[in-house]
Amino acid sequence: MLAAGMGASLALGTGVALAADTSQSNSVLSVTPAGEVGKSVMAQADALQKAIDAEKAAAKKAAAEKAAKEAAAKKKAADEKAAAKKKAAELAAAKKKAAEEAAAKKKAAQEAAAKAAAAAKKAAEAKALSWETPVASYNIGAAFGLAGNLWSHNHSGQDFVVPSGTQVRAVHGGVVVKAGGNGAGDGPAYGNAIVIKHADNTYSQYAHLSQVKVWVGQTVTTGQLIGLSGNTGNTTGPHLHFEIRKTPNYGSAVEPLAFLRAHGVKI
(Lines give C-alpha, C1' and ligand atoms only; values in the text may rest on other atoms or scores of the structure.)
Protein backbone atom coordinates (compact mmCIF):
# COMPACT_ATOMS: atom_id res chain seq x y z
CA MET A 1 0.00 0.00 0.00
CA LEU A 2 1.34 3.43 -0.92
CA ALA A 3 0.23 6.67 0.63
CA ALA A 4 1.34 9.86 -1.10
CA GLY A 5 1.72 13.33 0.24
CA MET A 6 3.63 15.22 2.87
CA GLY A 7 5.10 12.92 5.54
CA ALA A 8 3.59 9.83 3.89
CA SER A 9 4.82 6.40 4.96
CA LEU A 10 4.94 3.26 2.85
CA ALA A 11 4.69 -0.27 4.10
CA LEU A 12 6.41 -2.77 1.79
CA GLY A 13 5.89 -6.37 2.43
CA THR A 14 6.10 -8.12 5.76
CA GLY A 15 8.27 -6.41 8.39
CA VAL A 16 9.23 -3.34 6.19
CA ALA A 17 7.93 0.21 6.46
CA LEU A 18 8.90 3.09 4.14
CA ALA A 19 8.48 6.71 5.17
CA ALA A 20 8.62 9.42 2.50
CA ASP A 21 9.72 12.90 3.42
CA THR A 22 8.64 15.18 0.57
CA SER A 23 10.01 18.20 2.33
CA GLN A 24 13.40 17.23 1.03
CA SER A 25 14.00 18.23 -2.55
CA ASN A 26 15.75 15.01 -3.33
CA SER A 27 12.66 12.99 -2.18
CA VAL A 28 14.59 10.60 0.14
CA LEU A 29 12.61 7.68 1.58
CA SER A 30 13.39 6.44 5.20
CA VAL A 31 12.73 2.85 6.09
CA THR A 32 11.98 1.73 9.82
CA PRO A 33 12.08 -1.98 10.42
CA ALA A 34 8.80 -3.47 11.72
CA GLY A 35 10.62 -5.05 14.73
CA GLU A 36 11.70 -1.66 16.04
CA VAL A 37 8.12 -0.38 15.78
CA GLY A 38 6.87 -3.39 17.71
CA LYS A 39 9.45 -2.81 20.39
CA SER A 40 8.45 0.81 20.70
CA VAL A 41 4.79 -0.11 20.91
CA MET A 42 5.57 -2.77 23.49
CA ALA A 43 7.69 -0.32 25.47
CA GLN A 44 4.89 2.19 25.40
CA ALA A 45 2.42 -0.52 26.40
CA ASP A 46 4.73 -1.63 29.21
CA ALA A 47 5.15 1.93 30.38
CA LEU A 48 1.39 2.44 30.23
CA GLN A 49 0.81 -0.82 32.06
CA LYS A 50 3.39 0.10 34.66
CA ALA A 51 1.72 3.47 35.11
CA ILE A 52 -1.64 1.74 35.42
CA ASP A 53 -0.18 -0.81 37.84
CA ALA A 54 1.53 1.93 39.82
CA GLU A 55 -1.74 3.88 39.97
CA LYS A 56 -3.59 0.76 41.05
CA ALA A 57 -0.92 -0.02 43.64
CA ALA A 58 -1.06 3.54 44.90
CA ALA A 59 -4.86 3.38 45.03
CA LYS A 60 -4.68 0.01 46.75
CA LYS A 61 -2.11 1.33 49.22
CA ALA A 62 -4.22 4.42 49.86
CA ALA A 63 -7.31 2.25 50.32
CA ALA A 64 -5.36 -0.04 52.65
CA GLU A 65 -4.05 2.92 54.63
CA LYS A 66 -7.54 4.38 54.77
CA ALA A 67 -8.97 1.04 55.89
CA ALA A 68 -6.18 0.67 58.45
CA LYS A 69 -6.80 4.19 59.69
CA GLU A 70 -10.54 3.57 59.89
CA ALA A 71 -9.91 0.23 61.62
CA ALA A 72 -7.53 1.95 64.08
CA ALA A 73 -10.09 4.70 64.71
CA LYS A 74 -12.82 2.08 65.14
CA LYS A 75 -10.59 0.09 67.50
CA LYS A 76 -9.72 3.24 69.43
CA ALA A 77 -13.41 4.12 69.73
CA ALA A 78 -14.19 0.55 70.82
CA ASP A 79 -11.32 0.64 73.33
CA GLU A 80 -12.48 3.99 74.68
CA LYS A 81 -16.04 2.70 74.90
CA ALA A 82 -14.84 -0.46 76.68
CA ALA A 83 -12.69 1.66 79.00
CA ALA A 84 -15.63 3.96 79.74
CA LYS A 85 -17.85 0.95 80.34
CA LYS A 86 -15.22 -0.58 82.63
CA LYS A 87 -14.83 2.70 84.52
CA ALA A 88 -18.61 3.02 84.83
CA ALA A 89 -18.76 -0.55 86.14
CA GLU A 90 -15.94 0.18 88.59
CA LEU A 91 -17.69 3.35 89.75
CA ALA A 92 -20.95 1.47 90.12
CA ALA A 93 -19.17 -1.28 92.06
CA ALA A 94 -17.42 1.31 94.25
CA LYS A 95 -20.72 3.11 94.82
CA LYS A 96 -22.43 -0.17 95.68
CA LYS A 97 -19.59 -1.11 98.02
CA ALA A 98 -19.73 2.32 99.68
CA ALA A 99 -23.51 2.02 100.05
CA GLU A 100 -23.16 -1.47 101.51
CA GLU A 101 -20.43 -0.29 103.90
CA ALA A 102 -22.54 2.70 104.91
CA ALA A 103 -25.55 0.45 105.43
CA ALA A 104 -23.45 -1.99 107.44
CA LYS A 105 -21.99 0.87 109.48
CA LYS A 106 -25.47 2.30 110.08
CA LYS A 107 -26.77 -1.12 111.06
CA ALA A 108 -23.81 -1.64 113.39
CA ALA A 109 -24.39 1.80 114.92
CA GLN A 110 -28.09 1.07 115.36
CA GLU A 111 -27.31 -2.30 116.91
CA ALA A 112 -24.71 -0.70 119.18
CA ALA A 113 -27.18 2.04 120.15
CA ALA A 114 -29.90 -0.54 120.78
CA LYS A 115 -27.46 -2.62 122.81
CA ALA A 116 -26.35 0.44 124.78
CA ALA A 117 -29.97 1.46 125.32
CA ALA A 118 -30.84 -2.05 126.49
CA ALA A 119 -27.82 -2.07 128.80
CA ALA A 120 -28.73 1.38 130.12
CA LYS A 121 -32.32 0.26 130.65
CA LYS A 122 -31.15 -2.87 132.42
CA ALA A 123 -28.77 -0.83 134.56
CA ALA A 124 -31.53 1.67 135.36
CA GLU A 125 -33.90 -1.15 136.27
CA ALA A 126 -31.22 -2.75 138.43
CA LYS A 127 -30.48 0.57 140.08
CA ALA A 128 -34.18 1.20 140.64
CA LEU A 129 -34.33 -2.06 142.55
CA SER A 130 -31.12 -1.38 144.43
CA TRP A 131 -30.37 0.60 147.56
CA GLU A 132 -27.31 2.71 148.34
CA THR A 133 -25.78 4.92 151.00
CA PRO A 134 -27.13 8.48 151.32
CA VAL A 135 -23.64 9.97 150.74
CA ALA A 136 -20.82 8.65 148.58
CA SER A 137 -17.88 9.24 150.93
CA TYR A 138 -18.20 9.51 154.70
CA ASN A 139 -17.06 8.59 158.19
CA ILE A 140 -19.42 6.72 160.50
CA GLY A 141 -20.65 8.92 163.37
CA ALA A 142 -23.09 8.43 166.23
CA ALA A 143 -24.86 5.07 165.89
CA PHE A 144 -28.53 4.18 166.13
CA GLY A 145 -29.80 3.65 169.71
CA LEU A 146 -26.91 5.51 171.30
CA ALA A 147 -27.83 7.11 174.64
CA GLY A 148 -26.58 10.52 175.72
CA ASN A 149 -27.50 14.00 176.87
CA LEU A 150 -27.61 15.22 173.26
CA TRP A 151 -31.00 13.57 172.74
CA SER A 152 -34.19 13.44 174.76
CA HIS A 153 -34.36 9.74 173.87
CA ASN A 154 -31.83 7.34 172.44
CA HIS A 155 -30.34 8.32 169.06
CA SER A 156 -32.99 7.54 166.41
CA GLY A 157 -30.72 7.27 163.38
CA GLN A 158 -27.22 6.88 162.01
CA ASP A 159 -24.89 9.85 161.55
CA PHE A 160 -22.68 10.08 158.47
CA VAL A 161 -19.91 12.60 159.13
CA VAL A 162 -19.38 14.74 155.99
CA PRO A 163 -18.52 18.40 155.32
CA SER A 164 -21.34 20.90 154.82
CA GLY A 165 -22.42 21.05 151.18
CA THR A 166 -21.90 17.32 150.52
CA GLN A 167 -24.41 15.94 148.03
CA VAL A 168 -27.14 13.88 149.71
CA ARG A 169 -28.91 11.31 147.53
CA ALA A 170 -32.02 9.15 147.83
CA VAL A 171 -31.08 5.68 149.10
CA HIS A 172 -33.90 4.20 146.99
CA GLY A 173 -36.62 5.37 144.62
CA GLY A 174 -39.83 6.74 146.06
CA VAL A 175 -42.03 9.78 146.64
CA VAL A 176 -41.14 12.77 148.84
CA VAL A 177 -43.71 13.04 151.65
CA LYS A 178 -41.94 15.64 153.81
CA ALA A 179 -39.48 18.42 152.95
CA GLY A 180 -38.40 21.66 154.59
CA GLY A 181 -37.41 23.34 157.85
CA ASN A 182 -38.36 22.43 161.41
CA GLY A 183 -37.46 18.84 160.65
CA ALA A 184 -40.14 18.87 157.91
CA GLY A 185 -42.68 18.61 160.72
CA ASP A 186 -40.66 16.35 163.05
CA GLY A 187 -39.33 19.20 165.20
CA PRO A 188 -36.55 21.79 165.15
CA ALA A 189 -33.89 19.35 166.39
CA TYR A 190 -33.72 17.89 162.87
CA GLY A 191 -33.19 21.26 161.17
CA ASN A 192 -33.90 21.08 157.42
CA ALA A 193 -35.11 17.55 156.61
CA ILE A 194 -36.59 15.29 153.95
CA VAL A 195 -38.67 12.09 154.26
CA ILE A 196 -39.16 9.73 151.30
CA LYS A 197 -41.73 6.92 151.12
CA HIS A 198 -40.57 3.76 149.32
CA ALA A 199 -42.57 1.04 147.56
CA ASP A 200 -42.12 -1.46 150.40
CA ASN A 201 -43.83 1.03 152.75
CA THR A 202 -40.62 1.96 154.49
CA TYR A 203 -39.45 5.57 154.82
CA SER A 204 -36.01 7.17 154.75
CA GLN A 205 -35.23 10.44 156.52
CA TYR A 206 -32.36 12.89 155.87
CA ALA A 207 -31.76 15.68 158.45
CA HIS A 208 -29.54 18.67 159.37
CA LEU A 209 -29.41 19.69 155.68
CA SER A 210 -28.07 23.03 154.47
CA GLN A 211 -30.27 22.86 151.37
CA VAL A 212 -33.40 20.96 150.37
CA LYS A 213 -33.63 20.34 146.60
CA VAL A 214 -36.92 18.40 146.34
CA TRP A 215 -40.55 19.07 147.12
CA VAL A 216 -43.46 17.13 148.59
CA GLY A 217 -45.07 14.89 145.99
CA GLN A 218 -41.96 14.64 143.81
CA THR A 219 -40.92 11.20 142.60
CA VAL A 220 -37.21 10.50 143.00
CA THR A 221 -34.96 7.68 141.81
CA THR A 222 -32.21 5.74 143.54
CA GLY A 223 -29.12 7.92 143.80
CA GLN A 224 -30.88 11.16 142.83
CA LEU A 225 -29.61 14.37 144.44
CA ILE A 226 -32.15 15.55 147.00
CA GLY A 227 -30.19 18.06 149.10
CA LEU A 228 -26.90 19.17 150.59
CA SER A 229 -25.61 18.21 154.02
CA GLY A 230 -25.22 20.88 156.67
CA ASN A 231 -25.30 21.78 160.36
CA THR A 232 -28.90 22.85 160.95
CA GLY A 233 -30.91 21.83 164.03
CA ASN A 234 -29.47 20.11 167.11
CA THR A 235 -25.89 19.24 166.06
CA THR A 236 -22.34 19.38 167.35
CA GLY A 237 -20.90 19.76 163.84
CA PRO A 238 -21.65 19.17 160.15
CA HIS A 239 -23.06 15.73 159.38
CA LEU A 240 -26.03 13.91 157.86
CA HIS A 241 -28.53 12.30 160.22
CA PHE A 242 -30.15 9.33 158.44
CA GLU A 243 -33.11 7.19 159.52
CA ILE A 244 -35.12 4.24 158.21
CA ARG A 245 -38.69 4.39 159.50
CA LYS A 246 -41.83 2.29 159.46
CA THR A 247 -43.95 5.44 159.19
CA PRO A 248 -43.17 8.97 157.97
CA ASN A 249 -43.02 10.27 161.53
CA TYR A 250 -40.52 10.39 164.37
CA GLY A 251 -40.58 7.42 166.74
CA SER A 252 -40.87 4.61 164.15
CA ALA A 253 -37.17 4.24 163.25
CA VAL A 254 -35.30 0.94 162.84
CA GLU A 255 -31.55 0.28 162.79
CA PRO A 256 -30.57 1.87 159.41
CA LEU A 257 -27.20 0.20 158.77
CA ALA A 258 -28.61 -3.29 159.32
CA PHE A 259 -31.49 -2.40 156.98
CA LEU A 260 -29.15 -1.15 154.23
CA ARG A 261 -26.86 -4.17 154.56
CA ALA A 262 -29.89 -6.47 154.28
CA HIS A 263 -30.64 -4.74 150.99
CA GLY A 264 -27.19 -5.36 149.54
CA VAL A 265 -25.49 -2.11 150.51
CA LYS A 266 -21.84 -2.28 151.50
CA ILE A 267 -21.02 0.10 154.35
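These figures come from a predicted structure and were not determined experimentally.

Enquirer: What exactly am I supposed to notice about the overall build of the chain here?
Expert: Scanning the chain for helices and strands turns up two helices and 13 strands. Counting over 267 residues, the chain shows a buried share of 25%. Residue pairs at least 24 apart in sequence account for 56% of intrachain contacts in the chain once pairs closer than 6 positions are excluded. Taken as a whole, the chain presents about 16800 Å² of accessible surface, with 61% of it coming from carbon and sulfur.

Enquirer: Would you take a moment to explain the nonpolar core for this structure?
Expert: For soluble globular proteins, the rule of thumb is that nonpolar side chains tend to be buried together. I194, I196, Y206 and I226 are the most contacted members of the largest nonpolar core, which has 22 residues in total. Put simply, the parts of the chain that give this core at least two residues each are strand 8 (192-197), strand 9 (203-212), strand 12 (240-245) and helix 2 (256-262). Setting aside anything within four residues of it in sequence, one finds I196 in contact with A170, G174, V175, V176, T202, Y203, S204, Y206, V220 and I226.

Enquirer: How should I be thinking about the packing of aromatic side chains in this particular structure?
Expert: Two measures describe an aromatic ring pair: the distance that separates the ring centres and the angle between the ring planes. Summed over all chains, the structure comprises five aromatic pairs. Their ring planes at 80 degrees and their centres at 5.0 Å tell us that W131 and F259 sit as a pair that is edge-to-face. Of this pair, W131 sits in the loop between helix 1 (34-129) and strand 4 (139-140) while F259 sits in helix 2, and the two are 128 residues apart along the sequence. Its relative accessible area of 9% is what places W131 among the buried residues. Judged by its relative accessible area of 14%, F259 falls in the buried class. Among the aromatic residues, those joined into a ring-pair cluster are Y138, F160, Y206 and F242.

Enquirer: It is not clear to me how unusual backbone geometry should be interpreted in this structure. Could you clarify?
Expert: The phi torsion of most residues other than glycine is negative, and most of the peptide bonds are trans. Despite not being glycine, N182 has its phi angle at roughly 55 degrees, a positive value. As for its placement among the helices and strands, N182 is situated in the loop between strand 7 (174-180) and strand 8. When its relative accessible area of 46% is taken as the criterion, N182 is described as partly exposed. Even without glycine at this site, N201 takes up a positive phi of about 65 degrees.

Enquirer: Quick question: what am I supposed to make of the pattern of salt bridges here?
Expert: Pairing is possible between side chains that carry opposite charge, provided their charged atoms lie close to one another. For the structure on display, the rule yields five salt bridges. One salt bridge in this structure joins R169 and E132, with 3.0 Å as the shortest N-O distance. Here R169 is found in strand 6 (residues 167-169), whereas its partner E132 is found in the loop between helix 1 and strand 4, with 37 residues between them in sequence. Overall, E132 belongs to the buried group, its relative accessible area being 16%. Between K178 and D186 there is a salt bridge, with the nearest N and O atoms lying 2.9 Å from each other. Each of the two residues, K178 as well as D186, counts as buried. Here the residues in one salt-bridge network are K178, D186, E243 and R245, joined through shared partners.

Enquirer: Just checking my understanding: could you explain the side chain of D159 for this structure?
Expert: Note on placement: D159 falls in strand 5 (residues 158-161). One buried charge, D159, has no salt-bridge partner; the nearest side chain with opposite charge is R245, at 11 Å. In terms of polar contacts, D159 uses its side chain to reach the side chain of H241, at 3.2 Å.

Enquirer: What is the right way to read the environment of Y250 from this model?
Expert: Structurally, the position occupied by Y250 is in the loop between strand 12 and strand 13 (253-254). The spatial distance from the C-alpha of Y250 to the C-alpha of G187 is 8.9 Å, given a sequence separation of 63 residues. Once you skip the residues sitting within four places of it in the chain, Y250 turns out to touch H153, S156, D186, Y190 and R245.

Enquirer: Please clarify how the side chain of S156 should be interpreted in this entry.
Expert: Considering the arrangement of structural elements, one finds S156 in the loop between strand 4 and strand 5. On the basis of relative accessible area, S156 is assigned to the buried category, the value being 14%. Within the structure, S156 has its side chain in polar contact with the side chain of E243 (distance 2.6 Å). Contacts of S156, omitting those with residues within four sequence positions, involve F144, Y190, H241, E243, Y250 and A253.

Here is what the cut-offs are and how they apply
- Residues numbered from 1 in each chain as written.
- Predicted model: local features only at pLDDT ≥ 70, side-chain atom pairs only at ≥ 80, totals over all residues.
- Heavy atoms only, no water.
- Helix = DSSP H or I, 4+ residues; strand = E, 2+ residues; numbered from the N terminus.
- Buried < 20%, exposed > 50% of the residue type's maximum accessible area, 1.4 Å probe, protein only.
- Contact = heavy atoms within 4.5 Å.
- Areas by Shrake-Rupley, 256 points an atom, 1.4 Å probe, with all protein chains shown as cover.
- Core = buried A, V, L, I, M, F, W, Y, C linked by side-chain atoms within 4.5 Å.
- Phe/Tyr/Trp six-rings, centres within 6.5 Å; stacked < 30°, edge-to-face > 60°.
- Salt bridge = Lys/Arg side-chain N within 4 Å of Asp/Glu carboxyl O.
- Lys, Arg positive; Asp, Glu negative; His and termini not counted.
- Polar contact = N/O pair within 3.5 Å; in protein donor to acceptor, adjacent residues only side chain to side chain.

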